[in-house]
Amino acid sequence: EGSGTDGGTDGGENPATAPADGDGDAAPAASSGPSLDHVSVGQKYKYAMQGGIEQVWEVTAKTDNSVNYTVTTVMGGNAVGDPQEQVWQYTAPAATSGDAPATDAPAAETTRENVTVSGVEFDCLVTTSGENKSWAAMTGDAVTFPGAVKVMTGENVVMELTAIE
């Protein structure tokens, strides 16, 4: 598995990568999910990580609401281990009751910002909570692949999408 901050290998903490709940509800219509028009089989999404580490996400398959890809971690120009197969799956957000439980966490602030990487423009939802700030690729109100575009803690960039080939 990944570092927990890459938006695609974090054990489902990112709603864009959470597995389907399998409760028998009908799958959302393709039009209700995010656009994946920017994704092509064979594309490589390159991320700069802390400590000089790079991750390369290579798209191996795509449907209307999912992307299969491998994650290769690179250190010093050399792959570390075998590529790990991953699936990014759009899952419609769960309905909420409207009242969030009380928490000591700082309130999150959200804005929108356009970020362009290798000529691909992402409409990002920017979420700031305390020292943490993240940019998530969106189509309307839905997170789209690759999910995380950039993550910062304080002034430190934890991960950032730097190239799409």
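Draft legend 1. Structural view of the nonpolar core. One finds Tyr-45, Val-67, Phe-122, Phe-145, Val-149 and Leu-161 to be the most contacted residues of the largest nonpolar core, which totals 30 residues. Looking at this core, the elements with two or more residues in it are β1 (44–49), β2 (54–62), β3 (66–75), β5 (109–117), β6 (120–129), β7 (132–139), β8 (142–153) and β9 (156–164). Ranked by the residues each element gives to this core, the list is headed by β8, at six residues. Not counting chain neighbours up to four residues away, the residues in contact with Phe-145 comprise Leu-36, His-38, Val-39, Tyr-45, Trp-57, Val-59, Val-67, Tyr-69, Trp-88, Phe-122 and Ala-137.

Draft legend 2. Focus on the confidence of the model for the protein chain. Confidence along the protein chain averages 82 in pLDDT terms, with 73% of residues attaining 70 or more. Segment residues 1–31 is flagged for pLDDT under 50; beyond a separation of four residues in sequence, or across chains, it makes 48 contacts in the model.

Draft legend 3. How the structure looks around the pattern of salt bridges. Under the counting rule described, the total for this entry stands at three salt bridges. For the salt bridge of Lys-46 with Glu-165, the shortest nitrogen-to-oxygen distance reads 3.3 Å. Separated by 119 residues along the polypeptide, Lys-46 in strand β1 and Glu-165 in the segment after β9 bring together distant segments of the chain. What makes Glu-165 exposed here is its relative accessible area of 53%. A salt bridge links Arg-112 to Asp-123, with the nearest nitrogen and oxygen atoms 2.8 Å apart. Here Arg-112, found in strand β5, pairs with Asp-123, found in strand β6; they are eleven residues apart in sequence, far enough to count as distant. Take Asp-123: its relative accessible area is 26%, and that puts it in the partly exposed class.

How each quantity is defined
- Residues numbered from 1 in each chain as written.
- Predicted model: local features only at pLDDT ≥ 70, side-chain atom pairs only at ≥ 80, totals over all residues.
- Heavy atoms only, no water.
- Core = buried A, V, L, I, M, F, W, Y, C linked by side-chain atoms within 4.5 Å.
- Buried < 20%, exposed > 50% of the residue type's maximum accessible area, 1.4 Å probe, protein only.
- Helix = DSSP H or I, 4+ residues; strand = E, 2+ residues; numbered from the N terminus.
- Contact = heavy atoms within 4.5 Å.
- pLDDT = per-residue confidence, 0-100.
- Salt bridge = Lys/Arg side-chain N within 4 Å of Asp/Glu carboxyl O.

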